[in-house]
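# Coordinate inspection notes
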Amino acid sequence: MTAKPDATRLARAYLSRVAEPFPAALAGLVAQVGPVEAAELVRAGEVSPSVASQTSARRAEERAREDLARVAERGGRLVIPEDDEWPRWPFVALGNARRGEPLALWVRGPLDLAEVVEKAVAVVGSRAASGYGEHVAAEFAYGLADAGVTVVSGAAYGIDGAAHRGALGAGGVTIAVLACGVDFAYPAGHQGLLGKIAREGLIVSEYPPGVTPARHRFLTRNRLIAALGGGTVVVEAGRRSGAKNTAAITLALGRPLMVVPGPVTSASSVGCHELLRDGQAVSVCSVAEIVESVGRFGDDLATEPAEKESELGAPQGEAMRVYEALGKRCGVSDEGVSVESGVPLERVRALLPELELAGLALRLDEGWQRLEVR
């Protein structure tokens, strides 16, 4: 017998349907009064004009129980911030970058979302991919999955599909982030692929069951792809590819952005080469280079690791520079750490919570202090 959903889950399911992601004003109301009271206020229309503009058109859509039952029939569930399965750390950066943490996530698949994104990489690229691009995407995804790294992508034709297939081929974990309900197979040609992902990996969406794809929803879901990956690899991207949108969000979140260089004559690699030329991304030509770029504090470096100072390992690279810029006896502001370390402010703000989780930094009222851990 299926357990009845609690009030919080019902409230978040309701809010998930009445507002298009990501509704900043509604999220602010939820943070202020909690999801249950926020849902009641929305239903009654007793909200501010900014919240009303995001919810008034659908506030009469009372389908929370129906949506929860429908996704359950497909072997899915609603994952909410109150759950242990909620990927808190990946979404910290979304809040810091004002990109909008989801109100809830509709999920299909047997795995724990929080666990599988602890070590994950987003692999994205053009739908109109070349044979070269699809080959590289599949090979890299296979190698990443074989190394225990979750591959995150968007289930589109081209690079996305090749990445998912590569990860599944290695018997690894892959996550498909959709711009529609998790019960909707889109694109239709990937129905079999999505079915396999639902059985062996995870399908994730902000949109409740039955919601169909739309252009603006693909751009919105891209921020989730970037957030769930510890870094993003763009395998191929034309000058106006949607993958460049994911790349821009990755940079805004302070995550490593990597691109695969392609033939200089290929229109499919123009976007990648632009990112390299502008100094926004690093070139990667192997799985080892990807793992090294996103490995937490250098744990995944191919060289012999230094003596660890915590369970997560001694900081390396930019993390080490940020760590050494922290105050020994008093707190230092984010901006101060950025100036002292020479690391961009957005990257500093992404690394500081990681240092805190590693037991290497302490957040004080006046800023951040270094913790000496042996």
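It should be emphasised that the depicted structure is a prediction, and the values quoted were computed from it without experimental measurement.

Our focus in this paragraph is helix H8 (residues 131-146). With 16 residues, H8 ought to run about 22 Å at 1.5 Å a step, and its terminal C-alpha atoms sit 22 Å apart, in line with that. Of all the residues in H8, the buried ones are Gly-133, Val-136, Ala-137, Phe-140, Ala-141, Gly-143, Leu-144 and Ala-145. Tucked into the core, H8 has its buried residues touching strand E3 (120-124), strand E4 (150-153), helix H9 (159-169) and helix H14 (287-294). Of the residues one or two after H8, Gly-148 is the one with positive phi, at around 85°.

For H14, the full list of buried residues reads Val-287, Ile-290 and Val-291. What you see down the axis of H14 is that its buried residues fit within an arc of 95°, all on one side. The inward-facing, buried residues of H14 abut E3, H8, strand E7 (232-234) and strand E8 (257-259).

This part is about the confidence of the model for the protein chain. Scored by pLDDT, the protein chain has a mean of 88; 93% of the residues are at 70 or more. Within the model, the stretch residues 301-312 combines pLDDT values under 50 with 20 contacts to residues more than four positions away or in other chains.

On to the domain arrangement of the protein chain, then. Taken domain by domain, the protein chain comprises domain 1 (1-63), domain 2 (74-306) and domain 3 (313-370). For domain 1 versus domain 2, the separation of C-alpha centres amounts to 28 Å. At the junction of the two partners, domain 1 supplies 16 residues and domain 2 supplies 20 residues. A buried area of about 1400 Å², summed over both sides, lies between domain 1 and domain 2, and 59% of it is on carbon and sulfur atoms. When the buried surface of domain 1 facing domain 2 is broken down by residue, Arg-9, Arg-12 and Phe-22 rank first, second and third, together holding 42% of it. Where domain 1 meets domain 2, there are three salt bridges. Linking Arg-217 and Glu-20 is a salt bridge whose minimum nitrogen-to-oxygen distance equals 2.6 Å. At the surface where domain 1 touches domain 2, the tally comes to nine residue pairs in polar contact (both at pLDDT 80 or more). For the side of domain 1 that touches domain 2, the leading source of residues is helix H1 (residues 7-18), giving seven residues. Each residue belonging to the side of domain 1 that touches domain 2 can be placed in one class, and the counts come to nine nonpolar, two polar and five charged.

The next point concerns the pairing of strand E5 (residues 174-177). A two-sided burial pattern is seen for E5, the buried positions comprising Thr-174 and Ala-176 on one face and Ile-175 and Val-177 on the other. The β-α-β motif built from E4, the intervening H9 and the parallel element E5 has right-handed crossover chirality. Regarding topology, helix H10 (residues 191-200) serves as the crossover connection from E5 to the parallel strand E6 (residues 202-205), and that connection is right-handed.

Moving on to the environment of Trp-89. Within the secondary structure, Trp-89 is located in helix H6 (residues 88-96). Taking the C-alpha atoms as reference points, Trp-89 and Glu-118, separated by 29 residues in sequence, lie 8.5 Å from one another.

Moving on, we come to empty space enclosed by the protein. What the rule picks out here adds up to two cavities of 30 Å³ or more. In this model, the largest cavity occupies a volume close to 70 Å³. For the largest cavity, the full set of lining residues is Leu-15, Ser-16, Ala-19, Glu-20, Pro-21, Pro-23, Pro-102, Leu-103, Ala-104 and Glu-206. Considering only residue class, the lining of the largest cavity consists of seven nonpolar, one polar and two charged. Residue assignment places the lining of the largest cavity across two domains, with domain 1 (1-63) and domain 2 (74-306) each supplying three or more.

In this section: the pattern of salt bridges. Within the structure shown, the criterion is met by 16 salt bridges. Arg-9 is the salt-bridge partner of Asp-83, the closest N and O atoms lying 2.8 Å from each other. Placement of Asp-83 in the loop between strand E1 (76-79) and H6 and of Arg-9 in helix H1 is noted, with a sequence separation of 74 residues between them. With its nearest N and O atoms 2.7 Å apart, the salt bridge here joins Arg-17 to Asp-67. Residue Arg-17 is found in helix H1, and its partner Asp-67 is found in helix H5 (residues 64-73); the two are separated by 50 residues along the sequence. Per residue, the accessibility class of Arg-17 equals that of Asp-67, and both read buried. By sharing partners, the salt bridges in this structure join Glu-20, Arg-58 and Arg-217 into a single network.

Conventions adopted
Residues numbered from 1 in each chain as written. Predicted model: local features only at pLDDT ≥ 70, side-chain atom pairs only at ≥ 80, totals over all residues. Heavy atoms only, no water. Helix = DSSP H or I, 4+ residues; strand = E, 2+ residues; numbered from the N terminus. Expected span 1.5 Å × (residues − 1). Buried < 20%, exposed > 50% of the residue type's maximum accessible area, 1.4 Å probe, protein only. Contact = heavy atoms within 4.5 Å. Arc of directions from axis to C-beta. pLDDT = per-residue confidence, 0-100. Domains from an automatic or database assignment. Buried area = accessible area lost by both parts, 1.4 Å probe. Salt bridge = Lys/Arg side-chain N within 4 Å of Asp/Glu carboxyl O. Polar contact = N/O pair within 3.5 Å; in protein donor to acceptor, adjacent residues only side chain to side chain. Nonpolar A, V, L, I, M, F, W, Y, C, P; charged D, E, K, R; others polar. Right-handed = clockwise from strand over helix to strand, strands pointing away. 1 Å grid on protein atoms, 1.4 Å probe; cavity = no way out; pocket = protein on both sides within 12 Å on 5 of 7 lines; lining within 4 Å. Points joined across faces, edges and corners; volume = space filled by probe spheres on them.

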